[in-house]
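# Residue-level structure breakdown
Spelled out from the first residue to the last, the chains are:
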Amino acid sequence: MQESDIAKTAIIIPLGLFEFCQMPFGLRNAAHTFQRFICRDLGFVFVYLDDILVASRSLDEHLQHLRALFQRLADQGLLINPSKCQSGKAEVNFLSHTISAAGIRPHIRGSYLSSSSR
């Protein structure tokens, strides 16, 4: 948090005035701040809320990208949940779309189509 923003976090309780020197409750509860923080200077990273996508052209490049991302997270004391991670995938499902080297295509589910549009 920038020093000029600390005053904006002030709260008053019977014990006095308190200001946060770091983002209250961690960045995971401030999605837009988290998104800007992670994407800054990492052109291969795409973030939506607390989901992070890493786009790479090769396995070696992917490993370099992951190292850079993990270092950024570690430098700020942020943790990821390994059980929710997928790595090295040629294709991922994200926000009702499939993303791959071939491009982005929406998921089409029968339940979203009326019988007259099939």
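Refer to the structure presented above.
We now turn to the structure provided with this report. (Residues numbered from 1 in each chain as written. Predicted model: local features only at pLDDT ≥ 70, side-chain atom pairs only at ≥ 80, totals over all residues. Heavy atoms only, no water.)

The next point concerns the overall build of the protein. If you tally the helices and strands in the protein, you get two helices and seven strands. Within the protein, the proportion of its 118 residues that are buried is 20%. Long-range pairs, those at least 24 residues apart, make up 24% of the contacts in the protein with a sequence separation of at least 6. Per element, the accessible surface of the protein, about 9,500 Å² overall, is 55% carbon and sulfur. (Helix = DSSP H or I, 4+ residues; strand = E, 2+ residues; numbered from the N terminus. Buried < 20%, exposed > 50% of the residue type's maximum accessible area, 1.4 Å probe, protein only. Contact = heavy atoms within 4.5 Å. Areas by Shrake-Rupley, 256 points an atom, 1.4 Å probe, with all protein chains shown as cover.)

The alternating pattern of strand 3 (residues 45-48) places Val45 and Val47 on a buried face, while none of Phe46 and Tyr48, on the opposite face, is buried. Between strand 3 and strand 4 (residues 51-54), which follow one another and run antiparallel, lie two residues, and Leu49 among them has a positive phi close to 50°. (Pairing = 2+ DSSP bridges.)

With antiparallel pairing, the three strands of this open sheet are ordered in space as 5-6-7. Both outer strands of the open sheet, strand 5 (91-94) and strand 7 (103-106), are each paired with one neighbouring strand and no more. When the angles between neighbouring strand axes are averaged without regard to direction, this sheet yields 20°. (Axes fitted to C-alpha atoms, helices over the stretch in contact; angles between N-to-C directions.)

What follows covers the environment of Leu69. In this structure, Leu69 sits in helix 2 (residues 59-75). What makes Leu69 buried here is its relative accessible area of 4%. If sequence neighbours within four positions are ignored, Leu69 has contacts with Ile38, Leu42, Ile52 and Val54.

This part takes up the pattern of salt bridges. In total, this model carries one salt bridge according to the counting rule given. In this structure, Arg105 engages Glu91 in a salt bridge whose closest nitrogen and oxygen atoms are separated by 3.5 Å. On the criterion of sequence distance, the pair formed by Arg105 in strand 7 and Glu91 in strand 5 is long-range, its members being 14 residues apart. Given a relative accessible area of 40%, Glu91 falls into the partly exposed group. (Salt bridge = Lys/Arg side-chain N within 4 Å of Asp/Glu carboxyl O.)

Along the polypeptide, Arg72 turns up in helix 2. Every residue in contact with Arg72, bar those within four places of it in the chain, is listed here: Phe37, Ile38, Cys39, Arg40, Asp41 and Leu42.

Attention shifts here to helix 2. Between its first and last C-alpha atoms helix 2 spans 24 Å; for 17 residues at 1.5 Å apiece the expected length is 24 Å, and the two agree. Backbone geometry just after helix 2 places Gly77 at a positive phi near 70°. (Expected span 1.5 Å × (residues − 1).)

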